[in-house]
Amino acid sequence: MGYSINHLRELESEAIYVLREVAAQFENPCILFSGGKDSILLTYLAKKAFYPAKIPFPLVHIDTGHNFPETLTFRDDLAKELQAKLIVGSVQSMIDSGMAHEETGANASRNIAQIPTLLDTIEKHKFDALMGGARRDEEKARAKERFFSHRDEFSQWDPKNQRPELWNLYNGKKQHGEHFRVFPISNWTELDVWQYIGMEKIALPSLYYSHKRRIFERDGVILSESPFITLREGEEIREEIVRFRTMGDATITGAYKSDADTIDKIIQEVAAARSTERGSRADDKRSETAMEDRKKEGYF
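What counts and what doesn't
Residues numbered from 1 in each chain as written. Predicted model: local features only at pLDDT ≥ 70, side-chain atom pairs only at ≥ 80, totals over all residues. Heavy atoms only, no water. Phe/Tyr/Trp six-rings, centres within 6.5 Å; stacked < 30°, edge-to-face > 60°. Helix = DSSP H or I, 4+ residues; strand = E, 2+ residues; numbered from the N terminus. Buried < 20%, exposed > 50% of the residue type's maximum accessible area, 1.4 Å probe, protein only. Lys NZ or Arg CZ within 6 Å of the ring centre and 35° of its normal. Pairing = 2+ DSSP bridges. Core = buried A, V, L, I, M, F, W, Y, C linked by side-chain atoms within 4.5 Å. Contact = heavy atoms within 4.5 Å.

Colleague: I'd love a proper account of the packing of aromatic side chains, names of residues and values included.
Modeller: Here the distance between the centres and the angle between the planes together describe a pair of aromatic rings. Counted according to the given criterion, the structure contains 11 aromatic pairs. Here Phe26 and Phe180 contribute two aromatic rings whose centre-to-centre distance is 5.6 Å and whose plane-to-plane angle is 55 degrees, an arrangement assigned as tilted. Of this pair, Phe26 sits in the loop between α1 (5-25) and β1 (29-32) while Phe180 sits in strand β6 (residues 179-182), and the two are 154 residues apart along the sequence. Under the relative-accessibility criterion, Phe26 is labelled buried at 6%. Members of the aromatic cluster, each reached through a chain of ring pairs, are Tyr17, Phe26, Phe147, Phe148, Tyr170 and Phe180. The lysine or arginine in question, Arg136, covers the ring of Phe147, its NZ or CZ lying 5.1 Å from the ring centre. Stacked on the ring of Tyr256, the Lys or Arg Arg245 has its end atom at 5.4 Å from the ring centre.

Colleague: An account of unusual backbone geometry is needed here, citing residue identities and associated values.
Modeller: Following Tyr51, the chain continues into Pro52 via a peptide bond in cis, with omega recorded as 10 degrees. With respect to the secondary-structure elements, Pro52 resides in the loop between α2 (37-50) and β2 (59-63). Positive phi values are uncommon outside glycine, yet Gln83 reaches one of about 55 degrees. One can find Gln83 in the loop between α3 (69-82) and β3 (86-90). With a phi angle near 50 degrees, Asp219 is a residue other than glycine that sits in the positive phi range. As for its placement among the helices and strands, Asp219 is situated in the loop between β7 (211-218) and β8 (221-224).

Colleague: I'd love a proper account of the pairing of β2, names of residues and values included.
Modeller: Among the 5 residues of β2, 5 are classified as buried, and the element is accordingly described as predominantly covered. Here β2 shows a buried face lined by Leu59, His61 and Asp63 and a second buried face lined by Val60 and Ile62. Two elements, β1 and β2, share 2 bridges in a ladder whose sense is parallel. Bridging from a neighbouring strand, Ile31 pairs with Leu59 of β2.

Colleague: Residue-level account of the nonpolar core, with values.
Modeller: Side chains of nonpolar character tend, in soluble globular proteins, to be buried together. In this structure, Leu19, Phe148, Trp188, Trp194 and Tyr196 are the most contacted members of the largest nonpolar core, which totals 58 residues. Of all elements in the fold, only α1, α2, α3, β4 (129-131), β6, α6 (190-200) and α7 (263-272) reach the threshold of two or more residues within this core. Examining the composition of this core, we find that 8 residues originate from one element, α2, more than from any other. Every residue in contact with Tyr196, bar those within four places of it in the chain, is listed here: Leu8, Arg9, Glu12, Leu41, Tyr44, Leu45, Lys48, Trp188 and Ile202. With 14 residues, the next largest nonpolar core counts Ile87, Val91, Ile95 and Ala100 among its residues.

Right, here's the structure in full:
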């Protein structure tokens, strides 16, 4: 495949070291699991880090209610296979209770509603560290994160006030009510992820591989037909061979025309790509600082 196994093993070793540091330094950590390739990779690395014991962290999914069915099926099957505890924070329940707001309009999204749902889940379960699969190459706000990223008692993030991480020393000290977001695969790229998935033969949802799907186009983005999306005048459903580079809500996650139906083909496609996988995410296009603004409020 044309990649360096030594390079991938170094990244693997770094991530496993961070996972073990989290287990050592925190009392009640968890893995934020979206069902996307990066959180699946992180969960796989956690399995490696603590084998033959079970993963010592619960999997936490903030379910918007607008997920692809394939993602939820994969999530449930993986949790069962690993015998891992699965905790689901429901955005719909938060909306029904009045604790989260449902956006309206043609470009409505539940991304903002994930914030109070995540914070409520943190508070309810008293998590003191939440590990996620975010990488620095994904988006400029995520490039500012440390491996151990401090959040204050209001779960807010200050990108200008972060702790140094020299010589792989991570400082998890915190005050009561504070917590950390931890990013063990910070230094990985999208290409690294796919090469490692291929090397280790990690199973993924079928959405990542090219398949025939009923889609339509909106503002230059290919979206999947979904019961959560109302077509505008002039929009028409058609069938295309597509795949998804990133996983999110069906309402905001764009597909790509592609014939990459194997790992090798995907690696070749990613190596030639000139945009990040979040380039088709409508939630990142709302403003220049969309991701950073959400992160400051508590988003992952």
